[in-house]
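Observations on the three-dimensional arrangement
Chain by chain, the residues:
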Amino acid sequence: MHKLGCNRPVNFSALASLPIFHAGDGEGFVPPSLEHEFDPPALFFVDTPFEMNRIILIRLIGALVLAFILIWYAKRKQLVPNRRQSAVEMLLDFSRVQVGHEIIGEDKADRYQPMLMTIFLGILFMNITGVVPGLQIAGTSLIGMPLIYALFAYFGFIFAGIREKGAARFFKDSLMPAGVPWPIYFILTPIEFLSNFIIRPLTLTIRLLMNMVAGHLILVLLFLGTHFLYFQLSGVVGIATGALTMIGSVAFFIFEVFVGALQAYIFALLSAIYISLSISK
């Protein structure tokens, strides 16, 4: 154990668990496990309230990269955009048009666009860390980050509904849909409460989390299998099957990029739908 600034301990032995420092040990194929992949040892500030492991470090990297890009865009944007500016504007316009305007409507979407764009870009960059060499795990692959975004969307649509309608009418519309015979409300109101205020944040969290966990495990399994077949299993069989798993690794790598972007879009889209439902007359 060593020290790094401010007398905080740093676990340098844990750094060996990072993919960029890891190499095969020649002891046979070891499949990925939930404990090893998603409960890594602490790297910095060990045994303190600020303890930081590999996944927290990756989250910080993703957030800092996103902040740098947006600050650069705000300070350097030009009337005639270059390629980098055009790429950033494509993401911003996609969130504004495809998520906000298409679901909420142009007349009301702009006031909720900062929230929707934060969700879309934040989740996108956290997901993409899962396919970045040297990072190789999504910042959303542990429940904390998906839950934070889900609660952000949850309180966002409640706030939007209360601001548009007032608290009394918002909760009445959410729990007691119009046009229903009053005795039915004894059955319908608890169902609407569970659906609107309990299940929504849970489904947002679990959908994002499980997609990122499954994708990471499949990628790790494919790349570890390729390494094992090429370097530890001798003969034609190892080379031939290793080639197949390598092709599968590349194909699933591309697919995982697509899934990461798709999950960010779906999360933002559902958030916009919930806002639209909460403010609808």
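Provided above is the structure to which this section pertains.
Predicted model, so just to flag it, every value in this text is computed and none were measured.

If you look at the biggest cluster of nonpolar residues, it comprises 43 residues, and the most contacted ones within it are Ile-104, Ile-119, Phe-157, Phe-267 and Ile-275. The set of elements that each furnish at least two residues to this core consists of helix 2 (54-76), helix 3 (83-103), helix 5 (113-128), helix 6 (144-165), helix 7 (167-175), helix 8 (185-231) and helix 9 (236-279). When residues no more than four places from it in sequence are discounted, the contact partners of Phe-157 are Met-115, Phe-170, Asn-196, Phe-197, Arg-200, Tyr-274, Ile-275 and Ser-278. By size, the runner-up hydrophobic cluster in this structure holds 7 residues, among which are Ile-58, Leu-135, Ile-137 and Leu-209.

Before going further, it helps to examine the packing of helix 7 against helix 8. The interhelical angle for the contact between helix 7 and helix 8, taken along N-to-C directions, is 110°, at an axis separation of 8 Å. Relative to helix 8, the element helix 7 lies roughly perpendicular. Counting all contacts with helix 7, which are made through Phe-170, Phe-171, Ser-174 and Leu-175, the residues of helix 8 involved are Thr-189, Glu-192, Phe-193, Asn-196 and Phe-197. For the contact of helix 7 with helix 8, the residue count by class is 5 nonpolar, 3 polar and 1 charged.

Look at helix 3: 29 Å from first C-alpha to last across 21 residues, which is about the 30 Å you get at 1.5 Å a residue. Among the residues of helix 3, those classed as buried are Gln-85, Val-88, Leu-92, Ser-95, Val-99, Gly-100 and His-101. On the buried face of helix 3, the contacting elements are helix 2, helix 4 (106-109), helix 5 and helix 9. Phi for Gly-105, located one or two positions after helix 3, is positive at around 105°.

All right, on to the environment of His-227 then. Mapped onto the fold, His-227 is located in helix 8. Measuring from C-alpha to C-alpha, the distance between His-227 and Met-246 comes to 8.9 Å, with 19 residues separating the pair along the chain.

On to the packing of aromatic side chains, then. For the structure on display, the rule yields 14 aromatic pairs. Ring centres of Tyr-154 and Phe-157 lie 5.7 Å apart, and the angle between their planes is 85°; on these two criteria the pair is classed as edge-to-face. Taken together, the positions of Tyr-154 and Phe-157, both in helix 6 and 3 residues apart, correspond to about one turn of that helix. Considered together, Tyr-154 and Phe-157 belong to a single accessibility category, that of buried residues. Note that Arg-200 overlies the ring of Phe-157, its terminal NZ or CZ placed 4.9 Å from the centroid.

This part covers the side chain of Glu-164. Topologically, Glu-164 is positioned in helix 6. There is a polar contact of 2.7 Å between the side chain of Glu-164 and the side chain of Arg-111. Beyond its immediate chain neighbours, meaning those up to four positions away, Glu-164 contacts Lys-108, Arg-111, Tyr-112, Ile-279 and Lys-281.

A separate point is the pattern of salt bridges. Applying the stated criterion across every chain yields a total of 4 salt bridges. One salt bridge connects Arg-96 with Asp-93, and the closest N-O pair in it is separated by 3.5 Å. One end of the pair is Arg-96 and the other is Asp-93, both in helix 3 and 3 residues apart, which spans about a single turn. Taking the relative accessible area as the measure of exposure, Arg-96 reaches 31% and is therefore partly exposed. What makes Asp-93 partly exposed here is its relative accessible area of 39%. Note that Arg-111 is salt-bridged to Glu-164, the shortest N-O span being 2.7 Å. One end of the pair, Arg-111, is in the loop between helix 4 and helix 5; the other, Glu-164, is in helix 6, with 53 residues separating them in the sequence. Owing to a relative accessible area of 47%, Arg-111 belongs among the partly exposed residues under this scheme. With relative accessibility at 19%, the residue Glu-164 sits in the buried group. Salt bridges linked by common partners bring Lys-165, Arg-169 and Asp-173 together as one network.

Parameters and conventions
Residues numbered from 1 in each chain as written. Predicted model: local features only at pLDDT ≥ 70, side-chain atom pairs only at ≥ 80, totals over all residues. Heavy atoms only, no water. Core = buried A, V, L, I, M, F, W, Y, C linked by side-chain atoms within 4.5 Å. Buried < 20%, exposed > 50% of the residue type's maximum accessible area, 1.4 Å probe, protein only. Helix = DSSP H or I, 4+ residues; strand = E, 2+ residues; numbered from the N terminus. Contact = heavy atoms within 4.5 Å. Axes fitted to C-alpha atoms, helices over the stretch in contact; angles between N-to-C directions. Parallel < 35°, antiparallel > 145°, perpendicular 65-115°, else oblique. Nonpolar A, V, L, I, M, F, W, Y, C, P; charged D, E, K, R; others polar. Expected span 1.5 Å × (residues − 1). Phe/Tyr/Trp six-rings, centres within 6.5 Å; stacked < 30°, edge-to-face > 60°. Lys NZ or Arg CZ within 6 Å of the ring centre and 35° of its normal. Polar contact = N/O pair within 3.5 Å; in protein donor to acceptor, adjacent residues only side chain to side chain. Salt bridge = Lys/Arg side-chain N within 4 Å of Asp/Glu carboxyl O.

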